[in-house]
Amino acid sequence: MKIYLYGVREDEQGYMKEWSNAHPDVELDYTNQILTEETADLAKGYNGVVLLQTQAYTRAALEKLQSFGISKISVRNVGLDGFDFKDLRDLGFSLTNVPVYSPNAIAEHTTSLMLRLLRRVPEFDQKFANTDFRWFPTIGEEINGKTVGIIGTGHIGSVVARIMMAFGAKVVAYDIKPNPYLENLGIYVDTPDEVIEQADILTLHTPLAKRDVHMIDADAFAKMKDGVILINAARGGLVDTDALIAALDSGKVGGAGLDVLESENDVFQKKFDSINDVKDPQFKALINRDNVIITPHTAFYTTTAVHNMVFDSLNDNLKMLENKAPKYPVDITVE
Ligand code: NAD
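Cut-off values and rules
- Residues numbered from 1 in each chain as written.
- Predicted model: local features only at pLDDT ≥ 70, side-chain atom pairs only at ≥ 80, totals over all residues.
- Heavy atoms only, no water.
- Buried < 20%, exposed > 50% of the residue type's maximum accessible area, 1.4 Å probe, protein only.
- Helix = DSSP H or I, 4+ residues; strand = E, 2+ residues; numbered from the N terminus.
- Contact = heavy atoms within 4.5 Å.
- Polar contact = N/O pair within 3.5 Å; in protein donor to acceptor, adjacent residues only side chain to side chain.
- UniProt positions renumbered as here; feature names shortened; annotations may be inferred.
- Salt bridge = Lys/Arg side-chain N within 4 Å of Asp/Glu carboxyl O.
- 1 Å grid on protein atoms, 1.4 Å probe; cavity = no way out; pocket = protein on both sides within 12 Å on 5 of 7 lines; lining within 4 Å.
- Points joined across faces, edges and corners; volume = space filled by probe spheres on them.
- Nonpolar A, V, L, I, M, F, W, Y, C, P; charged D, E, K, R; others polar.
- Pairing = 2+ DSSP bridges.
- Axes fitted to C-alpha atoms, helices over the stretch in contact; angles between N-to-C directions.
- Near = heavy atom within 4 Å.
- Areas by Shrake-Rupley, 256 points an atom, 1.4 Å probe, with all protein chains shown as cover.
- Parallel < 35°, antiparallel > 145°, perpendicular 65-115°, else oblique.
- Left-handed = near helix turned anticlockwise from the far one by under 90°.

This part takes up helix H10 (residues 241-250). Among all positions of H10, only Thr241, Ala243, Leu244, Ile245, Ala247 and Leu248 are buried. The inward-facing, buried residues of H10 abut helix H9 (218-223), strand E9 (228-232), strand E10 (253-258), helix H11 (281-287) and strand E11 (292-294). Residue Asp240 occupies the N-cap position of H10, its side-chain oxygen lying 3.2 Å from the main-chain nitrogen of Asp242. A positive phi of about 90 degrees marks Gly251, the residue just after H10.

The following block contains the structure:
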């Protein structure tokens, strides 16, 4: 059996080698390039492909894979926005993803964003850079006793809920499908507005369905408590960034921890010589604030998560090639 991997980063290669050692009958090869119509030729002669990219998977590229007899695709991440399922159906592909690789990675990062904002770490860093080691007036706040609002309590949001309860916060949550375990803990309210209105710290953990684009817009900010802290480690499009910038300017929002941004593809995973070379006006409007922490979509980025992304995608690709049931099949019959 031969599997070809696209978009491979250096930090994935060790895990690929480990997987390969455990599967001596499977030949693995890879490129750091993403799958395009041009790079599809690299997979000629292989049985399955394993992918990871933020750019869309084009029909032309998929048609080429199909013409080489490849029909099994596994992605090493959760997101499937890059696929047109109709193309996959028309061309006879089966697809797997890795829906759960480490919810703790994102939940812990979410917690660190909260703590860094509450303890005013960016301001202390700035003071340290100026050899100013005085406390005053950079006094912090505690999670203990705060109301933490969580929208979306799936794999990640439910871990955030448990962490916040351990900190002694009051957790208020909304989910279109409440989790039975958390329901017993009495954390759910009936509407997202109740979460938005009650939260001292609001954290988002839903996918980005079309109906949820700009879930947090100017109207939502108007309903929030003054000085609320907003954390978004889910999807950039959930927050109307211009409305967030206005709410930071007015002081309505007291701090924002953002691991995802609407226009992140223009900035994240790129190296600039200077901040002047970054063109994105929203990013520039957010970056130089003491009360905003931006991380470049790294909430997931731990050794545990990357190991699981590589192992689970390869395991499932091989299962499909051996006509066995994969662990994470994607239902491509639904849009
Ligand atoms: P999940 O599918 O396990 O949970 C999502 C939850 O949101 C579900 O319980 C669902 O019922 C609920 N939900 C959906 N729409 C809702 C709405 N409008 N209002 C309230 N609840 C709603 O997903 P997950 O694995 O927990 O991922 C959550 C988010 O985190 C996703 O957006 C995902 O893309 C993102 N994510 C980010 C990173 C990162 O590195 N920053 C990594 C992985 C996942």
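On to the UniProt feature "domain: D-isomer specific 2-hydroxyacid dehydrogenase NAD-binding" (unreviewed entry) in the chain, then. The residues that UniProt annotates with the feature "domain: D-isomer specific 2-hydroxyacid dehydrogenase NAD-binding" (unreviewed entry) are residues 112-299. This span, residues 112-299, is 34% helix and 15% strand, and a straight line between its end C-alpha atoms measures 10 Å.

By the definition in use, this model includes 16 salt bridges. Here Asp212 ties to Arg211 by a salt bridge, and the two come within 3.6 Å at their closest N and O atoms. The class for Asp212 is buried, based on a relative accessible area of 13%. Using a relative accessible area of 61% as the deciding quantity, one classes Arg211 as exposed. It is possible to trace a salt-bridge network through shared partners that takes in Arg59, Glu63, Lys86, Asp87 and Asp90.

Gaps between atoms show up when a probe of the same size as a water molecule is rolled over them. Of the volumes computed, that of the second largest pocket is approximately 330 Å³. Along its surface, the second largest pocket is lined by 20 residues, and Leu117, Glu141, Ile229, Gly254 and Gly255 are the ones closest to its centre. Looking at the lining of the second largest pocket, the elements that each hand over two or more residues are helix H4 (103-118), helix H5 (121-129), E9 and E10. Classifying every residue of the lining of the second largest pocket by side-chain character gives 7 nonpolar, 4 polar and 9 charged.

Now for the sheet that holds strand E2 (residues 27-30). Taken in spatial order, the 5 strands make up an open sheet running E2-E1-E3-E4-E5, and their pairing is parallel. Among the strands making up the open sheet, the edge pair consists of E2 and strand E5 (94-96). Put simply, the sheet's adjacent strands are angled 20 degrees from each other on average, direction ignored. Of the pairings in the sheet, the one linking strand E4 (residues 72-75) to E5 comprises 3 bridges and is parallel in character. What sits directly across from Lys72, in E5, is Ser94.

Glancing now at the UniProt feature "domain: D-isomer specific 2-hydroxyacid dehydrogenase catalytic" (unreviewed entry) in the chain. Those places that UniProt annotates as "domain: D-isomer specific 2-hydroxyacid dehydrogenase catalytic" (unreviewed entry) correspond, in this numbering, to residues 8-330. As annotated, residues 8-330 comprises 37% helix and 13% strand, and the C-alpha atoms at either end are separated by 22 Å.

The full set close to the ligand counts 25 residues, and His155, Ile156, Asp175, Thr206 and Asp259 are the nearest of them. Contact distances for the ligand include 3.1 Å between a nitrogen atom and a backbone N or O atom of Ala233. In this structure, Phe300 approaches the ligand through a main-chain N or O atom, which is 3.1 Å from an oxygen atom. Relative to its unbound accessible area of 860 Å², the ligand is 86% covered by the protein chains. Its residues placed into classes, the shell around the ligand shows 12 nonpolar, 7 polar and 6 charged.

What follows deals with the environment of Gln269. Tracing the chain through its elements places Gln269 in the loop between E10 and H11. Judged by its relative accessible area of 73%, Gln269 is exposed.

Okay, the side chain of Ser263 next. Its location among the elements puts Ser263 in the loop between E10 and H11. Using a relative accessible area of 15% as the deciding quantity, one classes Ser263 as buried.

Look at helix H1 (residues 10-22) against helix H12 (residues 303-321): their axes get within 9 Å of each other, and the N-to-C directions meet at 45 degrees. In terms of axis orientation, H1 runs oblique to H12. The crossing of H1 and H12 is right-handed. Contacts between H1 and H12 involve Asp11, Glu12, Tyr15, Met16, Glu18 and Trp19 from the first element and Thr303, Val306, His307, Val310, Phe311, Leu314, Asn315 and Leu318 from the second. Residue classes in the contact of H1 with H12 are distributed as 8 nonpolar, 3 polar and 3 charged.

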